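Chain by chain, the residues:
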Amino acid sequence: MKIATAQFTCVPADIPANVRQMAALTDKARVLGAKLVVFPELALTGYELKALLARRGLWVQVDDPRLDAVRASGVATVVNCAAATDGERPAIETLVFGPDGELITTYRKQRLFEHEQDVFVAGQHDGRFELGGLRFALATCFDNHFSELVSRGAVDGCQVHLASSLYGTGGGAKELAAVYPGIAKDFNLHVAVANHVGPAGTWTGCGGSALWAAGGGLLAQADTDTPMVVTAEVG
């Protein structure tokens with residue numbers, strides 16, 4: 001299967017504007033033959049933690065009509081966002097929609113990074129789904145730094161590891177370049193990471209969204225400063 005990873009600069013706390021960008025990137029991925037696209041962490045709003053804590057209108061539901069343009073793309077999409085919960089805080093949640101726009105599964109980030117613990121609730125369950133004969137594992141940014149979480153996907157028969165992330169310039173770029181090919185090598189998984197590019201809350205996303213083959217070989221990588229999609233065959 002050919003899959004894509006997408007990077008872009010989010011418009012802060014503007015879901016309609018970001019959905020338009022995501023729909024355009026998904027169209028590009030579809031033209032390139034991709035059957036699935038993964039987007040960065042908190043792609044619907046940007047990494048705007050103060051706004052997400054203060055404005056419940058930025059929390060989405062799985063059937064949120066604001067996502068219709070992405071769901072109608074004809075490509076499976078992995079959309080990370082702030083999602084409503086039963087409590088007073090949202091979760092950092094991944095919504096996976098099939099090519100028909102129907103919800104396949106959801107996953108809530110389990111390992112919250114520092115200040116995220118003051119805004120979000122942590123997930124308790126791993127994320128898995130199957131598409132096109134492949135089994136996929138889901139993780140979000142800091143999750144990927146915990147080998148026990150990643151290894152469960154490999155043990156559970158997953159072939160592809162999908163990560164929605166935010167890594168900034170400087171040390172973040174070095175982390176991205178080490179963590180994800182390491183997962184591909186250590187756990188023999190195909191890996192795709194989608195990162196922000198440009199301003200992202202208090203960070204500046206370093207781009208470099210990429211796909212690696214099982215074993216760690218780089219398949220495709222975006223640059224450090226351009227909104228774009230890159231694709232590769234996996235499985």
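The text that follows walks through the structure, step by step, so that each part is easy to find. (Residues numbered from 1 in each chain as written. Predicted model: local features only at pLDDT ≥ 70, side-chain atom pairs only at ≥ 80, totals over all residues. Heavy atoms only, no water.)

### Focus on the overall build of the protein chain
Part 1: Counting secondary structure elements, the protein chain contains five helices and 14 strands.
Part 2: A compact globule built from 235 residues would reach a C-alpha radius of gyration of about 18 Å, and the protein chain, at 16 Å, matches this within 12%.
Part 3: Projected onto its principal axes, the C-alpha coordinates of the protein chain cover approximately 45 × 35 × 35 Å.
Part 4: Taking all 235 residues of the protein chain together, the buried fraction comes to 56%.
Part 5: The contacts of the protein chain with a sequence gap of at least 6 include a subset with a gap of at least 24, amounting to 63%.
Part 6: On the protein chain, roughly 9300 Å² of surface is accessible, and the fraction owed to carbon and sulfur atoms is 52%. (Helix = DSSP H or I, 4+ residues; strand = E, 2+ residues; numbered from the N terminus. Rg over C-alpha atoms; globule rule 2.2 N^0.38 Å. Buried < 20%, exposed > 50% of the residue type's maximum accessible area, 1.4 Å probe, protein only. Contact = heavy atoms within 4.5 Å. Areas by Shrake-Rupley, 256 points an atom, 1.4 Å probe, with all protein chains shown as cover.)

### Thoughts on the environment of Ala-210
Part 1: Within the element layout of this structure, Ala-210 appears in strand S12 (residues 210–212).
Part 2: Separated by 176 residues in the primary sequence, Ala-210 and Ala-34 place their C-alpha atoms 14 Å from one another.
Part 3: With sequence-adjacent residues up to four places away left out, Ala-210 is seen in contact with Thr-5, Val-191, Ala-192, Val-193, Leu-218, Ala-220 and Gln-221.

### Remarks on helix H5 (residues 171–187)
Since one α-helical turn is 3.6 residues long, residues separated by three or four positions face the same way.
Part 1: If you check H5, its first and last C-alpha atoms are 24 Å apart, about what 17 residues at 1.5 Å a residue would give, namely 24 Å.
Part 2: Burial in H5 covers these residues: Gly-172, Leu-176, Val-179, Tyr-180, Pro-181, Ile-183 and Ala-184.
Part 3: In the core, the buried residues of H5 are packed alongside helix H4 (147–155), strand S8 (160–164), strand S9 (190–194), strand S11 (203–206), S12 and strand S13 (218–221).
Part 4: With its phi angle positive at about 55 degrees, Asn-188 sits one or two positions after the end of H5. (Expected span 1.5 Å × (residues − 1).)

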